[in-house]
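# Remarks on the overall topology
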Amino acid sequence: MTRRLLLAALLFGASGCVFVTGNPFGGEQPLDEKTIEGRGRARVLLVELRGVITDEPSRRAFGLVEEESTLGRISAELDRASDDDRVKAVVLHVDSPGGGVTASDEIYGELKRFKAERKIAVIAALGDVAASGGYYVACGADAIVAHPTTVTGSIGVILTSLNVEGLLGKIGVKNATYKAGAHKDILSPFRGATPEEQKIVQGILDALHARFVQVVRESRPRLDTRRLSELTDGRIFTADQALAAGLVDQVGSLRDALDLARKTAGLPPDARVVSYLRPSESRETIHAAGGAPAQVNVLPVDLGVLGATGPRFQYLWAPGLVE
């Protein structure tokens, strides 16, 4: 029976059929408000940003399960909060090693847009890891609270690719790529890059890095600019190191971030905390991850997200993949 189920899963996955964690009949399920704690009319919205930051849905379980992108989910929650005047502050809980350059920048822009429209405070609460694109997104908040055990920073850009030319030569396979344009197959895994191509790619990496650095400078008023080159060379920091450098504003727990949001919004200490959930999701406490049941993954990141469309520029800290 188990073999039959596995075979069916493989066949459906190969044929392009998927089961969606949202509405399988088209479109996402609606977001419902869930009270986590507190009382009263005024609300603090707790938004989760976990895992690799994406701008495209990801597929798991042999392609049978589709999960909405990080950008899609955050945008949907902020759009709903924009229409609810009871939401007086937002806490964005970030536990992410980063992800796509564009996805990170889009979410950062969504936060800036939301703040400009609603004129309410957004507090970023950093979890276990808030590195690279995870930190980039947090820069869109008014204040950043890092947990005492947070690892953050990794302000840089990476592009991971492979060169299998030598391996193909050993097994007698030759590259038969035809092209019009000298650099049309730049970053091809079937040959090494020329010095000119290395320069082209490095120029793009440098430009994207400069954008990251500019975002940090504009959003972090306490930043120790005397150490700018050191702080933005891709290294990671503890919460205390980040605080000393001006990369974060406070070291504390998620509850401390919620208290800061209440205080900034002029709300009582027991003001209501809510989350937006799909009907298939659940959340009982502020520390629960929320969302659908977890998927088993033996790797720290979803390789399908990173490699489905070939090499991609990433604001991502993934040492297990790039060393």
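Located above this text is the structure these notes cover.
We now turn to the structure provided with this report. (Residues numbered from 1 in each chain as written. Predicted model: local features only at pLDDT ≥ 70, side-chain atom pairs only at ≥ 80, totals over all residues. Heavy atoms only, no water.)

### A word on the overall build of the protein chain
Check the secondary structure of the protein chain and you find 11 helices and 15 strands. Burial statistics for the protein chain: of 323 residues in total, 43% are counted as buried. Partitioning the contacts of the protein chain with sequence separation of at least 6, the portion at a separation of at least 24 is 76%. Counting only carbon and sulfur atoms, one obtains 56% of the accessible surface of the protein chain, whose full area is about 16700 Å². (Helix = DSSP H or I, 4+ residues; strand = E, 2+ residues; numbered from the N terminus. Buried < 20%, exposed > 50% of the residue type's maximum accessible area, 1.4 Å probe, protein only. Contact = heavy atoms within 4.5 Å. Areas by Shrake-Rupley, 256 points an atom, 1.4 Å probe, with all protein chains shown as cover.)

### Remarks on the sheet that holds strand β15 (residues 313–316)
In a beta sheet, neighbouring strands pair by backbone hydrogen bonds and run either parallel or antiparallel. The 3 strands are arranged β7-β15-β11 in an open sheet whose pairing can be described as antiparallel. In this open sheet, the two edge strands, each paired with only one partner strand, are β7 (98–100) and β11 (158–159). Strand direction decides the pairing type here: β7 and β15, joined by 3 bridges, are antiparallel. By the bridge assignment for β15, glycine 99 is matched with tyrosine 315. Strands β7 and β15 of the sheet are contacted by helix α3 (residues 101–118), whose axis makes an angle of about 110° with β7. Here helix α6 (residues 195–219) sits on the sheet and contacts β11 and β15; the angle it forms with β15, its principal contact strand, is near 40°. (Pairing = 2+ DSSP bridges. Axes fitted to C-alpha atoms, helices over the stretch in contact; angles between N-to-C directions.)

### Some points on the packing of helix α2 (residues 70–82) against α3
Packing of α2 against α3 leaves a shortest axis separation of 10 Å and a crossing angle of 5°. In this view, α2 runs roughly parallel relative to α3, as classed from their interaxial angle. Between α2, through Thr70, Leu71, Ile74, Ser75, Leu78, Asp79, Ala81 and Ser82, and α3, the contact on the second element is made entirely by Glu106, Ile107, Glu110, Leu111, Arg113, Phe114, Glu117 and Arg118. Of the residues belonging to the contact of α2 with α3, the class tally is 7 nonpolar, 3 polar and 6 charged. (Parallel < 35°, antiparallel > 145°, perpendicular 65-115°, else oblique. Nonpolar A, V, L, I, M, F, W, Y, C, P; charged D, E, K, R; others polar.)

### Thoughts on the side chain of threonine 232
Turning to its location among the elements, threonine 232 is positioned in the loop between α7 (228–231) and β12 (236–238). The exposure class of threonine 232 is buried, given its relative accessible area of 6%.

### What about the pattern of salt bridges?
Pairing between side chains becomes possible if they bear opposite charge and their charged atoms approach one another. Scanning the entire structure with this criterion turns up 29 salt bridges. The salt bridge involving aspartate 270 is made with arginine 39; its shortest N-O contact spans 3.0 Å. Of the two residues, aspartate 270 sits in the loop between α9 (254–265) and β14 (271–277) while arginine 39 sits in strand β3 (residues 39–50), which places them 231 residues apart along the sequence. As a salt-bridge pair, aspartate 105 and arginine 211 come within 3.1 Å of each other at their nearest N and O atoms. On the criterion of sequence distance, the pair formed by aspartate 105 in helix α3 and arginine 211 in helix α6 is long-range, its members being 106 residues apart. Residue class for aspartate 105 comes out partly exposed when judged on its relative accessible area of 22%. A residue is classified by how much of its surface remains accessible, and arginine 211, at 43% relative accessible area, is partly exposed. Linked through salt bridges whose partners overlap, the residues forming this network are Glu68, Arg73, Glu77, Arg278 and Glu281. (Salt bridge = Lys/Arg side-chain N within 4 Å of Asp/Glu carboxyl O.)

### Let's talk about α3
Between its first and last C-alpha, α3 extends 26 Å over 18 residues, near the 26 Å set by a 1.5 Å rise per residue. The set of residues buried in α3 consists of Val101, Ala103, Ser104, Ile107, Tyr108, Glu110, Leu111, Phe114, Lys115 and Arg118. A positive backbone phi angle near 60° is found at lysine 119, which sits one or two residues after α3. (Expected span 1.5 Å × (residues − 1).)

### Examining unusual backbone geometry
Phi is mostly negative for residues that are not glycine, and the peptide bonds are mostly trans. In the Ramachandran plot, serine 154 falls in the positive-phi region, its phi being about 55° despite a non-glycine side chain. Serine 154 gets classed as buried once you look at its relative accessible area, which sits at 6%. Phi at leucine 187 is positive, roughly 75°, even though this residue is not glycine. Accessibility expressed as a relative area gives 30% for leucine 187, which makes it partly exposed.

### A look at the packing of aromatic side chains
Given two aromatic rings, one states the distance between the centres and the angle between the planes to describe the pair. Scanning the model with the defined rule gives 2 aromatic pairs in all. Residues tyrosine 108 and tyrosine 136 carry aromatic rings whose centres are separated by 5.5 Å and whose planes lie at 75° to one another, so their mutual orientation is edge-to-face. Residue tyrosine 108 is found in helix α3, and its partner tyrosine 136 is found in helix α4 (residues 133–138); the two are separated by 28 residues along the sequence. Pair check on accessibility: tyrosine 108 and tyrosine 136 agree, each one buried. Geometrically, the ring pair formed by tyrosine 136 and phenylalanine 212 is edge-to-face, given 4.9 Å between the ring centres and 65° between the ring planes. With a gap of 76 residues between them, tyrosine 136 in helix α4 and phenylalanine 212 in helix α6 connect regions that are remote in the sequence. Each member of the pair, tyrosine 136 as well as phenylalanine 212, carries the same accessibility label: buried. Joined through ring pairs, the aromatic side chains of Tyr108, Tyr136 and Phe212 make up one cluster. Arginine 80 extends its terminal NZ or CZ atom over the ring of tyrosine 276, reaching a point 4.7 Å from the ring centre. (Phe/Tyr/Trp six-rings, centres within 6.5 Å; stacked < 30°, edge-to-face > 60°. Lys NZ or Arg CZ within 6 Å of the ring centre and 35° of its normal.)

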